[in-house]
Amino acid sequence: MSKPYTFIDLFNLLPKSNCRKCNAITCMAFSLLIFKGEKRLNECPYLDKDIIANLEGKIDTSKTFDQNLSKIVEQFKAEISSMDLQSSAERLGGEFSDNRLTIKVLGKDFSIDAQGNISTDLHMHPWVLYPILSYFINCKGAPVLENWVPFRELKNGKKWNPLFEQRCVKPLKNIADAYTDIFEDMIHIFSGKQVDSHYKADISLVLYPLPRVPVLISYWKPEEGLESDLNFFFDSNAEENLNIESIYALCSGLVMMFEKIAQRHSQS
Ligand code: SF4
């Protein structure tokens, strides 16, 4: 079975400059709108004619975004079902027992069996499920060095950085500004750990969305004459264990989960 062509595949062919000449807010939005049938490929002036000709017919606009995403998830599950789960446990930083491979996702068990069946207590956004399954397949088992680098300094981070800033950094900073105490709550909710101040940040915490892909989040509160600031840092080996689009999807999914928590927090 050939792999379904996805919005991520299309996104990878775009310049990621977010120039808006296609009237979409970002290249990612353009990619999603193509799959919704609301844009045409030739509306991006930077897509080569040969690429457009090659793509015609590969994009299934009859499905919703969620259906497209579930198609990718099904494909991942099929790939996982052909893996030797027992021998993959160490590579993934997980454990194998009762014919299931279990890893910790934000401190909660996430298990998969040889048929690709998933069980977890974590209520996750599909954007988080996609990178988790990608991790099962692509993680190389590189050790976590705790040598923290910003997203843009990851090997392929520069190209994705504008989108990462827009979809991950800014919205999380907005949450931190409005509900600063929620960072302390996140430590408990998602089994993160408080670490020594990173670059003199007021709050520095490490979350483990995947065992070999920790994320350090630092927040500097506003001071007189100075705006607040927030940044994500990744282990320098992160891309050995998860590709850059999955790191992006993982963080944007996390931010969406945090937004939900913040909304609930504001209503309680
Ligand atoms: S898809 Fe093309 S036109 Fe649209 S924002 Fe991206 S680069 Fe610009």
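Note that the structure is predicted; figures quoted are calculated from it, not measured.

We now examine the overall build of the protein chain. Regarding its fold elements, the protein chain presents ten helices and nine strands. Taking 2.2 N^0.38 as the reference for a compact globule, 268 residues should give roughly 18 Å; the C-alpha atoms of the protein chain span a radius of gyration of 19 Å, in line with that estimate. On the principal axes, the C-alpha backbone points of the protein chain span a range of 55 × 55 × 40 Å. Scored against the burial criterion, the 268 residues of the protein chain give a buried share of 49%. Pairs at least 24 apart in sequence give 60% of the contacts found in the protein chain among residues at least 6 apart. Accessible surface, the protein chain: about 13500 Å² in total, of which carbon and sulfur atoms supply 46%. With 30 positive and 35 negative side-chain charges, the protein chain shows a spacing of 6 Å between the two charge centroids.

Pairs can form between side chains of opposite charge once their charged atoms are near each other. Using the criterion set out here, one finds six salt bridges in the structure. With its nearest N and O atoms 3.3 Å apart, the salt bridge here joins Lys-173 to Asp-177. Note that Lys-173 and Asp-177 are positioned in helix 7 (residues 157-178) at a spacing of four residues, about one turn of the helix. A relative accessible area of 16% means that Lys-173 is categorised as buried. On the basis of relative accessible area, Asp-177 is assigned to the partly exposed category, the value being 34%.

A few words now on the site of the ligand. Surveying the vicinity of the ligand reveals the residues Pro-15, Ser-17, Asn-18, Cys-19, Arg-20, Lys-21, Cys-22, Cys-27, Phe-30, Cys-44, Pro-45 and Tyr-46. Its atoms largely coinciding with the cavity grid, the ligand occupies the largest cavity. For the shell around the ligand, a count of residues per class yields eight nonpolar, two polar and two charged.

The rules behind each value
Residues numbered from 1 in each chain as written. Predicted model: local features only at pLDDT ≥ 70, side-chain atom pairs only at ≥ 80, totals over all residues. Heavy atoms only, no water. Helix = DSSP H or I, 4+ residues; strand = E, 2+ residues; numbered from the N terminus. Rg over C-alpha atoms; globule rule 2.2 N^0.38 Å. Buried < 20%, exposed > 50% of the residue type's maximum accessible area, 1.4 Å probe, protein only. Contact = heavy atoms within 4.5 Å. Areas by Shrake-Rupley, 256 points an atom, 1.4 Å probe, with all protein chains shown as cover. Lys, Arg positive; Asp, Glu negative; His and termini not counted. Charge placed at Lys NZ, Arg CZ, Asp CG, Glu CD. Salt bridge = Lys/Arg side-chain N within 4 Å of Asp/Glu carboxyl O. Near = heavy atom within 4 Å. 1 Å grid on protein atoms, 1.4 Å probe; cavity = no way out; pocket = protein on both sides within 12 Å on 5 of 7 lines; lining within 4 Å. Sits in = over half its atoms within 2 Å of the grid points. Nonpolar A, V, L, I, M, F, W, Y, C, P; charged D, E, K, R; others polar.

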